[in-house]
Amino acid sequence: MRCHEVDYEILGHDIQLVEVELDPGETVIAEAGAMNYMEQGINFETKMGDGSTPDEGLMSKLFSAAKRTLTGESIFTTHFTNEGHQKCKVAFSAPYPGTIIPLDMSQLGEKVICQKDSFVAAALGTKVSITFNKRLGAGFFGGEGFILQKLEGDGMAFIHAGGTLIKKELNGETLRVDTGCLVGFTPGIDYDIQRAGNLKSMVFGGEGLFLATLSGHGTVWLQSLPFSRLADRIFESAPSHGGSDKGEGSVLGGLGRMIDGN
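Let me sum up the structure you'll find in this document. Quick caveat: nothing in here was measured; it's all calculated off a predicted structure. (Residues numbered from 1 in each chain as written. Predicted model: local features only at pLDDT ≥ 70, side-chain atom pairs only at ≥ 80, totals over all residues. Heavy atoms only, no water.)

1. A closer look at the pairing of strand E17 (residues 210-223)
- Of all 14 residues in E17, 13 are buried, a share of seventy percent or more.
- Bridge count for strand E14 (residues 165-178) against E17 is 12 bridges, and the pairing is antiparallel. When the sheet's bridge partners are listed, Val-177 is paired in E17 with Ala-212.
- By the bridge criterion, three bridges tie strand E15 (residues 182-185) to E17 in an arrangement that is antiparallel. Its bridge partner being in E17, Phe-185 is matched across the sheet by Val-220. (Buried < 20%, exposed > 50% of the residue type's maximum accessible area, 1.4 Å probe, protein only. Helix = DSSP H or I, 4+ residues; strand = E, 2+ residues; numbered from the N terminus. Pairing = 2+ DSSP bridges.)

Following this line, the structure appears as structure tokens:
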């Protein structure tokens, strides 16, 4: 066992968080800003990298940090360690509504590929790195599907899906999904980004120019509401960007806003 063993409990339904229980000396790592609360006895420290290779040289750390910076990820992770003498808990929440997925990496081939912004937390010893779609031509146009995150280890890791979680088991089948709806997949799944139909479908179909194609044998996790889709709808609805400004929830509507000065 290379990773620390941690116990956990998923709390909530639509907007979940994961509560991790640490024995004395155990550590869990998390993306910056993911912590929700922690009990007395747990101390935290922000470090460069995930701590999976403590003997890693400075140049190697800087190279890994540079890759994460290029993809919009933070170069730091926060390490939460139980420095007390009894079990203590620390909880992490996702940045937007959805489902937290617990991954027992030892049961999943010790590797999972996921969307770059889906990682929440993991047991110390888990390696968190960036990987790119091997077909760069399609990747540059594939949106979220171009840059992926790779989790490696034999402990627990936690990732986040927006909206409702859909879990698919592929046994030689092929699945085509919107690139933003893909959360992650296990080894044995071949991943590619391909053009979405003919030119007419690409321009007028409203489903994006490219789709993620997954085939092989393994597990695929999908999300019903990618954050990019949610953000686009909010942006389009904002009055300052041409959205509706009719005050749907008010009987007075626009008149009410005139009275209160808005």
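2. Quick word on the pairing of strand E3 (residues 27-31)
- Counting buried positions over the five residues of E3 gives five, a clear majority of the element.
- Burial of the side chains of E3 extends over both faces: Thr-27, Ile-29 and Glu-31 are buried on one face and Val-28 and Ala-30 on the other.
- As defined by bridge partners, E3 adjoins strand E6 (residues 76-82) across five bridges and the pair is classed as antiparallel. Residue pairing in the sheet places Val-28 in a bridge with Phe-80 of E6.
- Examined bridge by bridge, E3 and strand E10 (residues 119-123) share three bridges and lie antiparallel to one another. Across the sheet, Val-28 pairs through a bridge with Ala-123, a residue of E10.

3. Let's talk about the nonpolar core
- Ranked by size, the top nonpolar core spans 19 residues in total, and within it Val-20, Val-90 and Phe-92 carry the most contacts.
- Of all the elements in the fold, those that place two or more residues in this core are strand E2 (17-22), E3, strand E7 (88-93), E10 and strand E13 (156-162).
- Among all residues touching Val-20, those that are not within four sequence positions of it are Val-6, Asp-7, Tyr-8, Cys-88, Lys-89, Val-90, Phe-92 and Phe-158.
- By size, the runner-up hydrophobic cluster in this structure holds 17 residues, among which are Leu-108, Leu-124, Leu-151 and Ala-157. (Core = buried A, V, L, I, M, F, W, Y, C linked by side-chain atoms within 4.5 Å. Contact = heavy atoms within 4.5 Å.)

By themselves, these are just geometric observations and shouldn't be taken as functional.
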